[in-house]
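# Observations on the three-dimensional arrangement
The residues making up each chain are set out below.
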Amino acid sequence: MKRGLEGPPPEERPTPAGRRNKQGIRIDPEVEATHDPRRTVISALVKHEPGVLSDVSGLFSRRQFNIESLTVGPTNDEERARITVVVEEPDPGIDQIKKQLRKLVPVISVRELEPDAMRRELALVKVSADRPDQVAAVAEMYGGKTVDSCPETATIEVTGARQKIEAAVETFSQFGIREISRTGLTALARGTDETAAPSSAAVSADEANRQDEHPHTQTADDD
């Protein structure tokens, strides 16, 4: 009689907690539990090399995180780039985003920014130019500037916080919006505080605190 590997019978074997998503990745039960979501900004310092953005965006796609915007750009160090991500997730989901980002090889450091961090976005709004004087007045009200105009349309550039951009877009809608392009948010910490370069000790403490809060939580990578 052929025998299999020694061990407990199937009905006594431990079963990982959490369901699997469409990609077959197991969802952390703590992340899926009911928690109030909040919007926050995560800044990641990464190696400036091909494929980094693909790695990061692929992570968000596989994990099905709720991403509002993702921007990437160079820093003062030509070998490094900064990725800024705006997410709206419950606290367990935000913790998972930071944890999974830190596991990616091109990622140097990850940090959730404080609520008072400097946050800016740029928007280009193209509207009908039937009332050019009124369009110009609205642009001035929001500190915008006209970057293109013709008898039919005017394109206004507006820079500021998300709330300012959304208010400007709503006000410009009275003229008939033809097109909108928004860059997504970018952000920096205030003062001498470094945006995405916390000390390794701080990162270790952050990880330890999460382990203390959720000592038995199983992540998708643990399966």
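Residues numbered from 1 in each chain as written. Predicted model: local features only at pLDDT ≥ 70, side-chain atom pairs only at ≥ 80, totals over all residues. Heavy atoms only, no water.

## Observations regarding the overall build of the protein chain
This is how it is decided: The numbering of helices and of strands both runs from the N terminus, where a helix is a DSSP run of H or I of at least 4 residues and a strand a run of E of at least 2. Exposure is judged per residue with a 1.4 Å probe applied to protein chains only, and the accessible area is read against the type maximum: over 50% gives exposed, under 20% gives buried, and values in between give partly exposed. The contact criterion used throughout is that any non-hydrogen atoms of two residues lie within 4.5 Å. Values of accessible area rely on a 1.4 Å probe in the Shrake-Rupley scheme; residue burial ignores everything except the protein chains shown.
On a plain count of helices and strands, the protein chain comes out with 6 helices and 9 strands. Scored against the burial criterion, the 223 residues of the protein chain give a buried share of 38%. Nonlocal contacts in the protein chain, meaning residues at least 24 apart in sequence, comprise 74% of its contacts between residues at least 6 apart. When the accessible area of the protein chain is evaluated, it comes to approximately 13,500 Å², of which 48% is carbon and sulfur surface.

## As for the pattern of salt bridges
This is how it is decided: When a carboxyl oxygen of Asp or Glu lies within 4 Å of a side-chain nitrogen of Lys or Arg, that pair is called a salt bridge.
Scanning the model with the defined rule gives 11 salt bridges in all. R111 serves as the salt-bridge partner of D193, at 2.7 Å between the closest nitrogen and oxygen. Residue D193 is found in the loop between β9 (186-188) and α6 (200-213), and its partner R111 is found in strand β4 (residues 107-112); the two are separated by 82 residues along the sequence. The exposure class assigned to R111 is buried, which follows from its relative accessible area of 14%. We note a salt bridge from E121 to R182, for which the minimum N-O separation is 2.7 Å. In this pair, E121 sits in strand β5 (residues 118-128) while R182 sits in strand β8 (residues 177-182), placing the two residues 61 residues apart along the sequence. Taking the relative accessible area as the measure of exposure, E121 reaches 8% and is therefore buried. A network of salt bridges, in which partner residues are shared, links R38, D91, D95, K98 and E112.

## Some remarks on the sheet that holds strand β1 (residues 38-47)
Worth spelling out the cut-off: Should DSSP find at least two bridges between two strands, the strands are regarded as paired. Here an angle of 0 to 180 degrees is reported between the N-to-C directions of two axes, which are lines fitted to C-alpha atoms, with helices fitted over the stretch in contact.
The strand order across the open sheet formed by 4 strands is β2-β3-β1-β4, and the pairing between neighbours is antiparallel. In the strand order of this sheet, the two ends are held by β2 (67-74) and β4, each with one partner. This sheet shows a mean twist of 15 degrees between the axes of neighbouring strands, independent of strand direction. Here 5 bridges tie β1 to β4, and the two strands are oriented antiparallel to one another. Bridge pairing in β4 links S43 to R111. Where helix α2 (residues 52-63) meets the sheet, it contacts β1, β2 and β3 (80-89), and its direction lies at approximately 165 degrees from that of β2. Across the face of the sheet, helix α3 (residues 91-103) comes into contact with β1, β3 and β4 while running at roughly 5 degrees to β1.

## Some remarks on the packing of aromatic side chains
This is how the line gets drawn: A pair of aromatic rings is counted whenever rings of Phe, Tyr or Trp (Trp by its six-membered ring) have centres within 6.5 Å, and the orientation is called stacked for planes under 30 degrees apart, edge-to-face for over 60 and tilted otherwise.
What the rule picks out here adds up to 2 aromatic pairs. Ring geometry for F60 versus F65: centroids 6.3 Å apart, planes at 75 degrees, classification edge-to-face. Residue classification places F60 among the buried residues on the basis of a relative accessible area of 5%. Ring centres of F172 and F175 lie 6.4 Å apart, and the angle between their planes is 55 degrees; on these two criteria the pair is classed as tilted. On the accessibility criterion, F172 (0% relative accessible area) is buried.

## Structural notes on the confidence of the model for the protein chain
To keep it simple, the criterion reads: Values of pLDDT, the confidence the predictor places in each residue, fall between 0 and 100.
For the protein chain, mean pLDDT is 83; residues scoring 70 or higher make up 78% of the total. Confidence drops under a pLDDT of 50 for residues 198-223, and excluding neighbours within four residues, the segment shows 35 contacts in the predicted structure.

## Quick word on the nonpolar core
Convention followed: Here, nonpolar core refers to any group of buried Ala, Val, Leu, Ile, Met, Phe, Trp, Tyr and Cys residues whose side-chain atoms link them within 4.5 Å.
Membership of the largest hydrophobic core comes to 18 residues, with the highest contact counts inside it found for I42, V46, V56, F60, I83, I97 and L101. Elements that contribute at least two residues to this core include exactly β1, α2, β3, α3 and β4. If sequence neighbours within four positions are ignored, F60 has contacts with F65, I67, L70, V85, I97 and L101.

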